[in-house]
Number of protein chains: 2
Amino acid sequence: MQLGSKIIEQAVEAFAQLPGVGKKTALRYALHLIKNDEHYAELLQQSIIRLKTELKFCSKCHNVSEQEVCDICLNPVRDQATVCVVQDYRDILAIENTGLYKGLYHVLGGLISPLEGIGPQNLNVETLVLKCGSGGITEVILALNGTMEGETTAFYVFKRLAGFSLKMSTIARGIAVGEELEYTDEVTLGRSITNRIPFSG
Amino acid sequence: MQLGSKIIEQAVEAFAQLPGVGKKTALRYALHLIKNDEHYAELLQQSIIRLKTELKFCSKCHNVSEQEVCDICLNPVRDQATVCVVQDYRDILAIENTGLYKGLYHVLGGLISPLEGIGPQNLNVETLVLKCGSGGITEVILALNGTMEGETTAFYVFKRLAGFSLKMSTIARGIAVGEELEYTDEVTLGRSITNRIPFSG
């Protein structure tokens, strides 16, 4: 794509590095900025600076945070003995939105994926091991994706924590609420039968 | 969506104003920035500033340009008597990529769309009328979308320029190269029969 302007080319290059954004979409974004008033460009630009300068990662759970320790870790009402292991911040948002979990979190920062060159050493596993080893934690819940990468990572974390006396669980796999049996894949359906739960009305 | 951080909320608000970007995608962009190194945030931020401070609109054809007058208008090799009327800069890129047009352009900056509150007064029509009225232009090609808005705008521009002795045309509507007749909509097929062209092998 010949853009005829170095400035637009640079902007397209930059936007195209965002996840899921190709050159055409990047160009659309750049033109949107050109067409809109100064104010919007200023807002976007300031937001980007603030993301990099004012946000930190929680020193306890690696959650994104505005302070040294995040609000969840600081909250005395939350169950300090239960840790839910997740891939990233978005999963914390999703679980928090259910309103059904009151423990703490531990953010791995990714999943083991040999294809993408991500090994256990790239994830926040050591701090989890240290946390579990130092006592106080009684339960660890693995809440990772139902993908190959998620299962591999769950298995790895499980192995690493096997030495401690912890109650360990993984979130249930099964058919979704509102989903029809007929259209459920056989692996999921098989697991939902194997891991059937007592009927509670 | 509860984000738990004012900084992330502000960034999501800003990204979600880009065309076609919802809150979930905006959050993905924000997290990408948080995870990546300083360098990328710097690059994106600088690109945005440059888009707003260093880019202008060509004073002759309203094309996006780094100088007062754009490269196309300044090019002495191009046919100064032919003007191709387009919606925006992306259409110029598309036509330039064909390598088949050697005249000048005129960017309207949008299409008439009552639903979006865009009327003729919001488009660069007056400067086109002035340009055609001042002589030197012998042909105007309307290269607008095949949508309702495109056709309406083409008709409006045609009416406004009707008083001048100009050769006026619109780009051909018809079946695309490689397209099958069977799957072509009837309006397009009808037009391609009405506007049939001499067979040239």
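Residues numbered from 1 in each chain as written. Chains lettered and ligands numbered in written order. Predicted model: local features only at pLDDT ≥ 70, side-chain atom pairs only at ≥ 80, totals over all residues.

Participant: Go over the relation of the copies chain B and chain A with me, naming the residues and quoting the values.
Facilitator: With an RMSD of 0.0 Å, the operation that places chain B on chain A is a rotation of 180° combined with a shift of 0.0 Å along the axis. Here the symmetry operator amounts to a two-fold rotation axis. For chain B, the minimum C-alpha distance to the rotation axis belongs to Gln45 of chain B and amounts to 2.6 Å. Interface overlap between copies is the fraction of interface residues in one copy that are interface residues in the other; for chain B against chain A it reaches 100%, indicating a shared surface. (Least-squares fit on C-alpha atoms with pLDDT ≥ 70 in both. Contact = placed C-beta atoms within 7 Å.)

Participant: I'd like a rundown of the confidence of the model for chain A, residues and numbers included.
Facilitator: Parts of the model with low pLDDT should not have their predicted coordinates read in detail. Residue and element names in this part refer to chain A. The pLDDT averaged across chain A works out to 90; a share of 98% of its residues lies at or above 70. When pLDDT is averaged over each element of chain A, strand β4 (residues 103-107) comes out on top at 95 and helix α8 (residues 186-194) at the bottom at 83. Under the prediction, the complex receives an ipTM of 0.78, its pTM being 0.77. (pLDDT = per-residue confidence, 0-100. Helix = DSSP H or I, 4+ residues; strand = E, 2+ residues; numbered from the N terminus.)

Participant: Give me the domain arrangement of chain A: which residues, what numbers.
Facilitator: We note that the domain assignment places domain 1 (6-54) and domain 2 (75-170) within chain A. Computed over C-alpha atoms only, the centres of domain 1 of chain A and domain 2 of chain A are separated by 34 Å. (Domains from an automatic or database assignment.)

Participant: Break down the sheet that holds strand β3 (residues 79-86) of chain A for me, citing the residues and quoting the values.
Facilitator: Residues and elements named next belong to chain A. Within the open sheet, the 4 strands sit side by side as β4-β3-β5-β6. Their pairing is parallel. If you trace the sheet from one side to the other, it starts and ends with β4 and β6 (167-170), each paired once. Going from strand to strand, the sheet's axes swing by 25° on average, the running direction of each strand aside. As judged from the 4 bridges shared by strand β5 (residues 139-142) and β6, these two strands associate in the parallel manner. Residue pairing in the sheet places Val140 in a bridge with Met168 of β6. (Pairing = 2+ DSSP bridges. Axes fitted to C-alpha atoms, helices over the stretch in contact; angles between N-to-C directions.)

Participant: Before we move on, can you summarise the sheet that holds strand β4 (residues 103-107) of chain B with the specific residues and values?
Facilitator: Residues and elements named next belong to chain B. Spatially, 4 strands are ordered β4-β3-β5-β6 in an open sheet, and the strand pairing comes out parallel. Two strands close off the open sheet at either side, each with one partner strand: β4 and β6 (167-170). For this sheet, the mean angle separating the axes of adjacent strands, direction not counted, is 25°. With 5 bridges connecting them, strand β3 (residues 79-86) and β4 associate as parallel partners. Note on β4: the bridge partner recorded for Val83 is Leu104. Running over the sheet, helix α7 (residues 148-160) touches β3, β5 (139-142) and β6 and is turned about 165° from β5.

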